[in-house]
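Next come the chains, spelled out residue by residue.
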Amino acid sequence: MSRDHTARPEKWLLDTARGVRGELVRAVGWAFAAGLMIVLQARLLALACHRVVIENATLDAVLPQAGAVAALAAVRGLLVFFSERRAAAAAARVKEGVRSHLYRKLQALGPAGRAGEETGPLVEAVTAGVEGLEPYVARFLPHLALAAVLPPTALFFVFPVEWRAGLVLLFSAPFIPLLMVLIGSGSESLNRRQWGRLSRMAGHLLDLVQGLPDLKIFGAVRREAEAVARVCEEYRQGTMAVLRVAFLSAFTLEFFATVGTAVVAVIVGFRLLGGGLALADGLFVLLLAPEFYLPLRTLGLSYHARMQGTAAAERIVPLLSLPEPEGYGGTQPVPAGPPAIRFEGVTFRYGGERGGVGGIALELPAGSLTALAGESGTGKSTLVRLLVGLARPEAGRITVNGADLADLDPVAWRERLAWVPQSPFFFKGTIRENLSLGRPAAHGVEIRAALEAAAADAFVDRLPQGLDTELGDQGAGLSGGELRRLALARAFLRDASLVVLDEPTAGLDPENERLVGEALERLAAGRTMLVISHREETIRRAARVAVMAGGRLERVVAPAEFLAAVAGGAGA
Amino acid sequence: MRELISMLVVSRRQWPWMAAGILLGVVVIAANTALMALSGWFIASMAVAGVTAVPFNYFFPAAAIRALAILRTVGRYAERLVTHEAAFRILADLRVWLFRRLEPLAPAGLERYAGGDVAGRLRADVDALESLYLRIVAPLVTGAAAIVLAVLVAARWSMPAALALFAFLLVAGVVLPHWARHLAQGPGRRSAELSGELRTAVTEGIQGAEELILLGAAEHQAARVDHLSSRLVAEQERLAAIGGFTLAGGVACGGLGVAAVLAAGSVSVAAGVVSGPSLVMLVLFAAAAFEAAGGMPAALQLVPSTREAVRRIRELADAPVPVPDPPAPEQLPAGTGIAFRNVSSAYDPALPVLHGFSLEVPAGEKVALAGPSGVGKSTVAEILLRFRGYAGSVTIGGVEISRLAADELRGLIAAVPQRPHLFTATIRENIMVGNPAAGDVALRRALEDACLAAWVDDLPLGLDTPVGEGGSAVSGGEARRIALARALLKDAPILVLDEPTEGLDAATERGVVARLAARTEGKTVLVITHRPACFALADRVVRMGKIE
């Protein structure tokens, strides 16, 4: 069971890496060539030592060898550089590709399709999570290939010279991966739990920093500082418990490599004492022994790189395989002019989990302004999301001038819509860029007219840089009322025939509420409009009020009747 | 480097762990170098003995080789455990230090680092600090110590060989990495900036996904993300190339160093200063000594980005405290009457938020403060809570609040701030922040007075329902009522409520106002609101006008 679970992300990683196979093969090829240089270098060094020690040669006799060793070193450096470049390029291509794919997927899913995930962790997955793939592609995979080819190459040179030493190397090698697997599989599950704990620890500190004013109001700062220390302490203890086991695999590796080298040294020593071996050959074997183990040790150390990669993949793969929301795929053109909308027995239950709406029958006559009222959680937002096509009814249908919304071309439908949610989206950029987001071709005069219609021209003019003022994080720098009016200006600019607004005046003072209300009225002219609102100021401007309760449409009444009912206390 | 050390000073009580980790690192390198050198000497001596038939006592070297092999492997395991232990202890100290440093700054001092930015920045920067000891300081100090040690040992046998070794170790361990570090500065800085921009663009795109789709701008945003991602990856490739260059340089230096030691050593052998086996020993010693320099390039490469993280954290943590406590605070007054006299306050001296504001709230009176947004209503609450400085006079019970210890002053006040924060915890834990000692009866009463009881009872998990990150799993109105319950649970004599009914529908609002009116009987209350329904809570409504 758990085996399947761990095998899949790794399989995905390998499939993804297949796309950069060319780069990886080159990276391994250069590194292999660098490995051959080591063998040559060892041969030359051993020969030079032999000359000096046994044949009592002088400097002149060994200088050519020393020079050749130096030259080989330079060549080897160059080969290593080439290999590193290729490995980095492979990782870079993988990161670009996966990030683009993942981001587009998450954006297309929208909040409803993200299986209830918060924004923060998703952003984390797209940014830092994708970075986690780098060590896997750039290190683990090349090291894996090198561990397969370099040790046999070393053996190939050792065996003809001193087969006993060759046997020692050959038989010590299989123990290394075996023991590593035994120890590694035990620590893997611990390790995974640790990754989760790490992100919780980081989140905990940020949460407290963001809530500092509240903690100060309630005198809870000292208590929470202790909690920070405690969480860190738990993390340290947990991680150290994992590491004590995880480091054992590196320990095993090093133990075999070191003891193996020592045994080779002793065997070679006694063969030399017996006179059965020349110093040049014996030294050559001794110099190759560590190089035989080195790729295996490097692979052992890149175990962490593999963990990082699989952890990243475990995060990314489920996101990539989230089901795409069932959108619309019709082809019919959208009728011109303000549309007449009909909800016919529309039901949507978020897969039966919570909330939603059921059996909605509602008519929005062409060019009318309808207010949608009801307590929070009664399905108003769901109804709106169905209307704009972000969700598709599970039962019933929505018609536009008599045509089923499902048959209409969704892109053309969206072009006819303007939607202003409760907290409108503003990206980091100038006011002008944000306004023309829905209509990139808009020119100055049109933007000006839209600002005036939304009563946003006055405050924009007051800003030192006017339309070129940068909106910071989430539009920081402007008040809620001002941002709301900018969003309305964007809706004006869009020149849509159906406008949907979600609580456009919530949280505004009477002055701003009046300005927004008047802008709404201007916007409503010649358009079909649906406004979610509880505010008298807005409701009074509507032709009719649709009241929702418990996911059902309770009644449709005139504004005066609705307001009288609220004032009389029957609104609940 | 100085900045980095200054960060470690924060955690100076972990010195023993840090020192032990570095010492073990040196021991491991020494053991490995000695192992290779001894093996070389041993087999060369055996070869000489084989050729000349002069007896050679091989028992000692053979035993020493085994001992060194064990010392090396066990030492390495211990080194890893100790350095990681040190790193986690340091990280814990740093986090607690940072939290304590940020505490006096909030909220006014943190405002400049707007909302999401402070969070993202802190997370990434604190994570970067994780590498400070483990990947920078420890490898650098260990490497430097091992290089010096190796050269001193080599000098005992052959001065020319030692000098040759020193030169190449210096190039591999210090010169090359410094050069690389210099090269990496630009790409390092740019990649930090780009990853910040990428994070912002991704956050915007994911948060605003539905709107982007409906605006037909989804592809535009995706292309922006792709573009930033490609630029970031290109800078990272540049950094990797510099890393590869250092690695390659180190490899080349290793070979060159060994060749130089071979040449210099053979001169000494010819001169009869050094024996043949000792030359082999020196050559293998030199080859192994380069392991000492091996960790230094990677460590130095991390320096620029970590220094940048430290600089940002310092900038945040060393900012002046916006509202310092008086050196000798006065005693808390017995009365709870509040008086503002001719009070002014400004976020930015050029744009006063509050100017010549006066207001009297006698003990036990309830006052609603009304007026359009941007007129400074919330600033009044923030001044009272000592979150913001002021000019003029503000007294509680006749005592100037700037002469009181802020913590003690806040002990008198329970507040619902303009934007209350819900912690990533359960509803219960969030409410209990108000008073951790409160019993079930008090908690139930707070729930009922905030009109939350029915809603909570309907939840399958009840009070143990998590509210999500920053309260994302509850609606805005629910979040505000949870904050209200939190304030009510504190049961302080003064209550400051900033828009307590924001986001509530009319019926719930009426319910909350009615319960609050009963609950706050006898308390001094300041309600900041623009909603007429809240006026029912007050004995008196004060309207604030725009500053001219």
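The structure this text deals with has already been given above.
Residues numbered from 1 in each chain as written. Chains lettered and ligands numbered in written order. Predicted model: local features only at pLDDT ≥ 70, side-chain atom pairs only at ≥ 80, totals over all residues. Heavy atoms only, no water.

Asks: Sorry, what's going on with the interface of chain B and chain A here?
Replies: Tallying the contact residues gives 135 residues for chain B and 132 residues for chain A. For the chain B and chain A pair, buried surface summed over both sides reaches about 12000 Å², with 70% attributable to carbon and sulfur atoms. For the interface between chain B and chain A, the tally reads ten salt bridges. Close ionic contact of Asp214(A) with Arg486(B) constitutes a salt bridge, the shortest N to O distance being 3.2 Å. (Contact = heavy atoms within 4.5 Å. Buried area = accessible area lost by both parts, 1.4 Å probe. Salt bridge = Lys/Arg side-chain N within 4 Å of Asp/Glu carboxyl O.)

Asks: Help me understand the nonpolar core in this model?
Replies: Side chains that are nonpolar tend, in soluble globular proteins, to be buried together. Formed by 256 residues in total, the largest nonpolar core has its most connected members in Phe99(B), Tyr133(B), Phe340(B) and Ile413(B). Looking at which element gives the most residues to this core, the answer is helix α3 (residues 59–102) of chain B, with 18 residues. Beyond its immediate chain neighbours, meaning those up to four positions away, Phe340(B) contacts Phe357(B), Ser358(B), Leu359(B), Val380(B), Ile383(B), Leu384(B), Ser393(B) and Val394(B). By size, the runner-up hydrophobic cluster in this structure holds 47 residues, among which are Leu478(A), Leu523(A), Ala524(A) and Met529(A). (Core = buried A, V, L, I, M, F, W, Y, C linked by side-chain atoms within 4.5 Å. Buried < 20%, exposed > 50% of the residue type's maximum accessible area, 1.4 Å probe, protein only. Helix = DSSP H or I, 4+ residues; strand = E, 2+ residues; numbered from the N terminus.)

Asks: I tried to follow the sheet that holds strand β4 (residues 395–400) of chain A on my own but got confused; where do I start?
Replies: Across a sheet, paired strands are connected by hydrogen bonds in the backbone, their directions being either parallel or antiparallel. All names here are of chain A. Strand order across the open sheet formed by four strands is β2-β1-β4-β5, with antiparallel pairing between neighbours. Of all strands in the sheet, those with a lone pairing partner are β2 (357–364) and β5 (403–404), marking the two edges. Here strand β1 (residues 341–348) runs beside β4; their pairing, made up of five bridges, is antiparallel. Across the sheet, the residue bridging to arginine 342 is threonine 399, located in β4. (Pairing = 2+ DSSP bridges.)

Asks: Looking at this model, I keep getting lost on the sheet that holds strand β8 (residues 524–528) of chain B. Mind explaining?
Replies: All names here are of chain B. Across the sheet, which stays open at both edges, the five strands sit in the order β6-β7-β8-β3-β9 with parallel pairing between neighbours. Edge positions in the sheet fall to β6 (413–416) and β9 (540–543), since each of these pairs with one other strand and no more. Between one strand and the next, the sheet's axes are offset by a mean angle of 15°, whatever the strand orientation. The sheet contacts of helix α11 (residues 377–384) involve β3 (366–370), β6, β7 (494–498) and β8, and relative to β8 the element is tilted by about 145°. In the packing of helix α16 (residues 476–490) onto the sheet, contacts are made with β6 and β7, and the angle to β6 comes to roughly 175°. (Axes fitted to C-alpha atoms, helices over the stretch in contact; angles between N-to-C directions.)

Asks: In this structure, what is going on with the side chain of Glu400(B)? I would like to understand it.
Replies: All names here are of chain B. Turning to its location among the elements, glutamate 400 is positioned in strand β5 (residues 399–400). At 2.9 Å, the side chain of glutamate 400 and the side chain of serine 393 are in polar contact. Within polar-contact distance, the side chain of glutamate 400 engages the backbone nitrogen of valine 394 at 2.8 Å. (Polar contact = N/O pair within 3.5 Å; in protein donor to acceptor, adjacent residues only side chain to side chain.)

Asks: Mind showing me how you'd approach the packing of helix α5 (residues 131–157) of chain B against helix α9 (residues 276–294) of chain B here?
Replies: When two helices pack together, their arrangement is given by the angle between their axes and by how far apart the axes lie. All names here are of chain B. Running from amino to carboxyl end, α5 crosses α9 at an angle of 170°, the nearest separation of the two axes being 9 Å. The orientation of α5 with respect to α9, classified from their angle, is roughly antiparallel. On the side of α5, the interface is formed by Gly143, Ala146, Ile147, Ala150, Val153, Ala154 and Trp157, while α9 contributes Ser278, Met281, Leu282, Phe285, Ala289, Ala292 and Ala293. When its residues are assigned to classes, the contact of α5 with α9 shows twelve nonpolar, two polar and no charged. (Parallel < 35°, antiparallel > 145°, perpendicular 65-115°, else oblique. Nonpolar A, V, L, I, M, F, W, Y, C, P; charged D, E, K, R; others polar.)

By themselves, these are just geometric observations and shouldn't be taken as functional.
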